[in-house]
Amino acid sequence: MKPACFPLAFILFVLASKLASPTDPSPLQDFCVAINDAQNAVFINGKLCKDPKLATPQDFFFSGLNVLGNTSNQLGSIVTPAIVPGLNTLGISLVRIDYAPYRGLNPPHTHPRATEILVVVKGTLYVGFVTSNPDNRLFSKVLYPGDVFVFPVGMIHFQFNMGRTNAVAFAALSSQEPGVIGIAKAVFGSESAINPDVLAKAFQLDKKIVDQLQSRFWSDNNYRA
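As a starting point, this report considers the structure included with it. Being a predicted model, the structure only gives us computed values, none of them experimental. (Residues numbered from 1 in each chain as written. Predicted model: local features only at pLDDT ≥ 70, side-chain atom pairs only at ≥ 80, totals over all residues. Heavy atoms only, no water.)

### A few points about the pattern of salt bridges
Under the definition given, this model contains three salt bridges. In this structure, aspartate 59 engages lysine 50 in a salt bridge whose closest nitrogen and oxygen atoms are separated by 3.0 Å. Both residues of the pair, aspartate 59 and lysine 50, count as buried. Here aspartate 197 ties to lysine 207 by a salt bridge, and the two come within 3.5 Å at their closest N and O atoms. Highlighted residues: aspartate 197 in helix 3 (residues 196–203) and lysine 207 in helix 4 (residues 207–214), separated in sequence by ten residues. (Salt bridge = Lys/Arg side-chain N within 4 Å of Asp/Glu carboxyl O. Buried < 20%, exposed > 50% of the residue type's maximum accessible area, 1.4 Å probe, protein only. Helix = DSSP H or I, 4+ residues; strand = E, 2+ residues; numbered from the N terminus.)

Below is the structure:
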């Protein structure tokens, strides 16, 4: 490459890196309260938002994360998101997670667009995440009330209630919409089903076991955390 071309190539590389950022873009206004009513909205920075002059404190408020979640499902856990219109475009979200006594599980999953920070407020949780290839290292810890643990973006992670009482945790995620991929459900409960020969080979299982796993109902507990 000629020396004169290098600065231009570098600038293009930097611009491309910015466009390919894995995080939520920074807002270009104070806030963008999400709204579905186009007649009372303004179009700001690519988003349909309530006119800022019409925003109220209620747009930045949510009540209910003190309520015990219903964990009577296949996994023994439930995730309750804080639905706050004013969080739109601000690149963060918050959830409450309830776990049934002993064996309540938020199963292995990933968030493709967010890092998660979890704080335990009640109970005892065994948590962990696994790094990417080739190491696949497990970072795990037993957490008690007041303890905090971080799950890096994209890493498979989980939380498991080891105690004899209900457990409760709160989690913040570094994206307005972090996305979630539940490993078991995605692999064995996909629409349409993955060819059993593929899964038998990948997991080194007998095909009959794969057929049995694919025939089950895979709960997702509405989780995002």
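There is more to say after this.
### Some thoughts on the state of the cysteines
Joining two cysteines, a disulfide is a covalent bond between their sulfur atoms. The final tally for this structure, using the stated rule, is one disulfide. Cysteine 32 shares a disulfide with cysteine 49; S-S distance 1.7 Å. Its S-S torsion of about -75° marks the bond between cysteine 32 and cysteine 49 as left-handed, since a negative value means left-handed. With a gap of 17 residues between them, cysteine 32 in the loop between helix 1 (5–19) and strand 1 (41–44) and cysteine 49 in strand 2 (residues 47–50) connect regions that are remote in the sequence. Judged on exposure class, the residue cysteine 32 and its partner cysteine 49 are both buried. (Disulfide = S-S within 2.5 Å.)

### Side note on unusual backbone geometry
Each neighbour pair has its own omega, and for asparagine 133 with proline 134 the value is 5°, a cis peptide bond. Structurally, proline 134 is set in the loop between strand 7 (125–130) and strand 8 (138–143). In this chain, glutamate 191 is followed by serine 192 through a cis amide linkage whose omega measures -10°. In this structure, serine 192 sits in the loop between helix 2 (183–188) and helix 3. In this structure, threonine 89 takes a positive phi of about 75° despite not being glycine. Position of threonine 89 relative to the elements: it lies in the loop between strand 3 (77–81) and strand 4 (93–99). For threonine 89, a relative accessible area of 11% translates into the label buried. In this model, asparagine 136 sits at a positive phi of 50°, which is unusual for a non-glycine residue. Note on placement: asparagine 136 falls in the loop between strand 7 and strand 8. Classification of asparagine 136 as partly exposed rests on a relative accessible area of 40%.

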